[in-house]
Amino acid sequence: MRPRTDADYSTVRSLVRGLDLLRTLNRHEKGRASLTQLANGTGLHRTTVRRLLETLIEEGYVRRSESDDRYVLALKVRSLSEGFTDDERVSSVAGPVLGDLLQQVRWPSDLCTPDGGAMLIRESTHRFSALSFNPAMVGEHLPMLITAAGRAYFCYCADEEREALLALLREDPVQGKLAADRRFIDNLVEQTRARGYSSNEGDWAAERKIGAIAVPVFEAGKVIATLNVIYLTRAISHAEAAKRYLPALHRASQQIEAALAQTPRD
């Protein structure tokens, strides 16, 4: 066994300081604070705080606001909190529901949860569907603003979270222009909420042949996941897909929500 060195203990102290910095930032209103406020709150030297902040920014847990130069908690901190547990819980109850949904619609479906500026596919029936065109989908990411799964989450999340997502997405090479287009964003949210589901009608340039419809999955009034049905646009129109599959998709979402209500949090 390699003996411990001073460097080992220094690394541990840096970790403790970084966690203390995150806790201090979290206690400030809306998770925003200046360098001076963070130095005062942690009792650390400004140089140390700045170095820790740069590391947290590089790792995606903190970002620096362009408007007032304050430091802000980024969306990746969700993975350190109950959001991670929620993702696991919804995945654990969704499998049987997705199986039943596949029997009804035949086309594949995905259960997705947010991961930064994208949606992470946590459960999928692609490998079981005879109509699937890509069987290995679990673990893949879907763009937030140009897929049905992403739009269902984006349009139903809280306003503050949506603005944080937009700040992140404006730096995205694929979605940046859409994120900066306020008229597009407002229309997307309004139209999606008005009809009760989201859609992708070939909007994703990398996957023009694919269409999809999706609905949010809620727990305690908060959207935590989305559920979609994916199809080939040459095989069925968007209008026909919505007519045929939307009722089953809504029922599946409601079944997942009911199962979550009966599944205790750890």
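Thresholds, definitions, all that
Residues numbered from 1 in each chain as written. Predicted model: local features only at pLDDT ≥ 70, side-chain atom pairs only at ≥ 80, totals over all residues. Heavy atoms only, no water. Helix = DSSP H or I, 4+ residues; strand = E, 2+ residues; numbered from the N terminus. Buried < 20%, exposed > 50% of the residue type's maximum accessible area, 1.4 Å probe, protein only. Contact = heavy atoms within 4.5 Å. Core = buried A, V, L, I, M, F, W, Y, C linked by side-chain atoms within 4.5 Å. Pairing = 2+ DSSP bridges. Axes fitted to C-alpha atoms, helices over the stretch in contact; angles between N-to-C directions. Phe/Tyr/Trp six-rings, centres within 6.5 Å; stacked < 30°, edge-to-face > 60°. Polar contact = N/O pair within 3.5 Å; in protein donor to acceptor, adjacent residues only side chain to side chain. Expected span 1.5 Å × (residues − 1). Arc of directions from axis to C-beta. Disulfide = S-S within 2.5 Å.

Q: Quick question: what am I supposed to make of the environment of Lys209 here?
A: Relative to the helices and strands, Lys209 resides in the loop between strand S7 (198-201) and strand S8 (210-219). Assessed through its relative accessible area of 43%, Lys209 is described here as partly exposed. When the C-alpha positions of Lys209 and Ala235 are compared, they lie 9.6 Å apart, and in sequence the two are 26 residues distant. The residues touching Lys209, leaving out its near neighbours within four places in the chain, are Tyr231, Leu232 and Thr233.

Q: Where do I start with the nonpolar core in this structure?
A: Inside soluble globular proteins, nonpolar side chains tend to come together where they are buried. Counting residues in each nonpolar core, the largest one holds 29 residues, and the members touching the most others are Leu227 and Ile256. Mapped by element, the contributors of at least two residues to this core are helix H4 (82-105), S8, strand S9 (222-232) and helix H9 (238-261). Counting residues per element, this core draws most heavily on H9, at nine residues. Excluding anything up to four places from it in sequence, Ile256 contacts Val90, Val93, Ala94, Val97, Leu98, Leu111, Val217 and Leu227. By size, the runner-up hydrophobic cluster in this structure holds 21 residues, among which are Ile121, Leu165, Leu169 and Val223.

Q: Got a minute to help me understand the sheet that holds S9 in this structure?
A: Whether parallel or antiparallel, the strands of a sheet pair through hydrogen bonds between backbone atoms. Spatially, the six strands line up as an open sheet ordered S6-S5-S4-S9-S8-S7, and their pairing is antiparallel. Of all strands in the sheet, those bounded by a partner on one side alone are strand S6 (141-143) and S7. Within the sheet, the average angular offset between the axes of one strand and its neighbour, ignoring direction, is 35 degrees.

Q: Where do I start with the packing of aromatic side chains in this structure?
A: By convention here, two paired aromatic rings are described through the distance between centres and the angle between planes. For the structure on display, the rule yields one aromatic pair. Taking 5.9 Å as the distance between ring centres and 85 degrees as the angle between the ring planes, the aromatic pair formed by Tyr156 and Phe218 counts as edge-to-face. With Tyr156 in helix H5 (residues 148-156) and Phe218 in strand S8, this residue pair connects regions lying 62 residues apart in the sequence. Using a relative accessible area of 25% as the deciding quantity, one classes Phe218 as partly exposed.

Q: Would you mind going over unusual backbone geometry with me for this structure?
A: Most peptide bonds take the trans configuration, and most residues that are not glycine carry a negative phi. Phi angles above zero are rare outside glycine, and Arg106 is one such case at about 75 degrees. As for its position among the elements, Arg106 is in the loop between H4 and strand S4 (110-115).

Q: Which parts of the structure should I look at to understand the side chain of Arg122?
A: Tracing the backbone shows Arg122 in strand S5 (residues 118-124). According to the relative accessible area criterion, Arg122 is buried, its value standing at 18%. Polar side-chain contacts of Arg122 include one of 2.8 Å to the side chain of Thr113.

Q: When you look at helix H8 (residues 182-195) in this model, what are you seeing that I'm missing?
A: The α-helix winds at 3.6 residues per turn, so residues separated by three or four positions along the chain end up facing the same way. With 14 residues, H8 extends 20 Å from end C-alpha to end C-alpha; this agrees with the ideal 20 Å at 1.5 Å per step. Among all positions in H8, only Ile185, Leu188, Val189 and Thr192 are buried. Axial view of H8: buried residues confined to an arc of 90 degrees, hence all on one face. Away from its buried face by more than 90 degrees, H8 exposes Arg183, Glu190, Gln191 and Ala194. On its buried side, H8 packs onto H5, helix H6 (159-169), helix H7 (176-180) and S7. Where H8 begins, the side chain of Asp181 points an oxygen toward the backbone nitrogen of Arg183, at a separation of 3.2 Å.

Q: Whenever I open this one, helix H2 (residues 35-42) confuses me. Can you help?
A: Those residues of H2 lying buried are Leu35, Leu38, Ala39 and Thr42. Taken end-on, H2 shows its buried residues confined to a sector of 100 degrees, consistent with a single buried face. Following H2 by one or two positions, Gly43 adopts a phi angle in the positive range, close to 75 degrees.

Q: How do you make sense of the state of the cysteines when you look at a structure like this?
A: Each disulfide is one covalent bond, formed between the sulfur atoms of two cysteines. Overall, the coordinates contain zero disulfides when judged by the stated rule. Here Cys157 stays unpaired: no disulfide links it, and the sulfur of Cys155, its closest cysteine neighbor, is 8.1 Å away.

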